[in-house]
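Each chain, letter by letter, is given below.
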Amino acid sequence: MEPLIVLVVVTLAVRAAGMARFSRLRPWRIALRGGLAAMFFMTGVVHFVGMRAEMIEMVPPALPAPELLVTVTGVLELLGTLGLLWSRTAPWAAGGLALMLVAMFSANVYAAVSGLTSGPMEALLPRTLIQIVFLAATLAVAVPHFRDRRRIGRDAGRRSSEEVIVNS
């Protein structure tokens, strides 16, 4: 639940800063990138400090080397955090983090079904809904960039074809 709170609070804080004084922070996608960066920084750090043992325990038994998997995913989350903060890499970082959320979902299912966690927000349905929010947030940063890029490429290709026809 804490990652969801961090995502929402930081996104709203960055958005408010953009509306109040810092116009570069005004676009909602930039605010969302800030919220995601804060959330993934927090979750990346707990792969190494505070909750490492619990994270290792969440790795389904079918997967090899749980300690290594937790280390790798923690490093990827921290790298994703850095990527989200730079506009050139933000869509790629968000896309990579979205893929990682999907890949790591089995750990959330295993933790909920095995009773490794307790509390009403740790049951499978709330955990799944929260993961969907995280996935939607990462995709909201990544997808528009790639959609716009593809459209621009199509438009450039169309103009090149028209230029060839006109110059023939």
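Each remark here, short or long, concerns the structure printed above.
Small disclaimer: the values here were computed from a predicted structure and weren't measured.

**Details of the overall build of the protein**
At step 1: Within the protein, the secondary structure is distributed over six helices and zero strands.
At step 2: In the protein, the order of α-helices and β-strands from amino to carboxyl end is α-α-α-α-α-α.
At step 3: When contacts within the protein are restricted to residue pairs at least 6 apart in sequence, those whose partners lie at least 24 apart make up 64%.
At step 4: Carbon and sulfur atoms make up 70% of the accessible area of the protein, which amounts to about 10,200 Å² in all.

**Some details on the packing of helix H1 (residues 2-20) against helix H2 (residues 28-45)**
At step 1: Interhelical geometry of H1 versus H2 gives an angle of 145° and a closest axis separation of 7 Å. As for how H1 packs across H2, the hand of that crossing is right-handed. Two secondary-structure elements touch here, H1 through Glu2, Pro3, Val6, Leu7, Val10, Thr11, Val14 and Arg15 and H2 through Trp28, Ile30, Ala31, Leu32, Gly34, Gly35, Leu36, Ala38, Met39, Met42 and Thr43.
At step 2: Taken together, the residues of the contact of H1 with H2 sort by class into 13 nonpolar, four polar and two charged.

**Structural notes on the side chain of glutamate 77**
At step 1: By secondary structure assignment, the location of glutamate 77 is in helix H4 (residues 66-85).
At step 2: There is a polar contact of 2.5 Å between the side chain of glutamate 77 and the side chain of threonine 43.
At step 3: Residue contacts for glutamate 77: discarding those within four places in its chain leaves Phe40, Thr43, Gly44, His47, Leu97, Met100 and Met104.

**Looking at the pattern of salt bridges**
At step 1: Under the defined criterion, the tally for this structure stands at one salt bridge.
At step 2: Notably, a salt bridge pairs glutamate 122 with arginine 127, separated by 2.4 Å at the nearest N-O pair.
At step 3: Relative accessible area serves as the criterion here: at 22%, glutamate 122 is assigned to the partly exposed category.
At step 4: For arginine 127, a relative accessible area of 9% gives the class buried.

**Side note on the packing of H4 against helix H5 (residues 90-114)**
At step 1: Axis separation between H4 and H5 bottoms out at 8 Å; the angle between their running directions is 150°. When the interaxial angle is binned, H4 and H5 end up roughly antiparallel. The two elements H4 and H5 meet at a crossing, and its hand is left-handed. Here H4 contributes Thr73, Leu76, Glu77, Gly80, Gly83 and Leu84 to the contact with H5, which in turn contributes Ala90, Ala93, Ala94, Leu97, Met100 and Met104.

**Overview of a nonpolar patch on the surface**
At step 1: On the surface, Phe48, Val49, Leu68, Val72, Val75, Leu76, Leu79, Leu82 and Leu85 cluster together into a nonpolar patch covering about 820 Å² of accessible area.
At step 2: Secondary-structure assignment places valine 75 in helix H4.
At step 3: Given the relative accessible area of 36%, valine 75 is considered partly exposed.

Criteria and thresholds
Residues numbered from 1 in each chain as written. Predicted model: local features only at pLDDT ≥ 70, side-chain atom pairs only at ≥ 80, totals over all residues. Heavy atoms only, no water. Helix = DSSP H or I, 4+ residues; strand = E, 2+ residues; numbered from the N terminus. Contact = heavy atoms within 4.5 Å. Areas by Shrake-Rupley, 256 points an atom, 1.4 Å probe, with all protein chains shown as cover. Axes fitted to C-alpha atoms, helices over the stretch in contact; angles between N-to-C directions. Left-handed = near helix turned anticlockwise from the far one by under 90°. Nonpolar A, V, L, I, M, F, W, Y, C, P; charged D, E, K, R; others polar. Polar contact = N/O pair within 3.5 Å; in protein donor to acceptor, adjacent residues only side chain to side chain. Salt bridge = Lys/Arg side-chain N within 4 Å of Asp/Glu carboxyl O. Buried < 20%, exposed > 50% of the residue type's maximum accessible area, 1.4 Å probe, protein only. Parallel < 35°, antiparallel > 145°, perpendicular 65-115°, else oblique. Patch = residues over 30% accessible without salt bridge, like charges linked within 9 Å, V, L, I, M, F, W, Y side chains within 5 Å.

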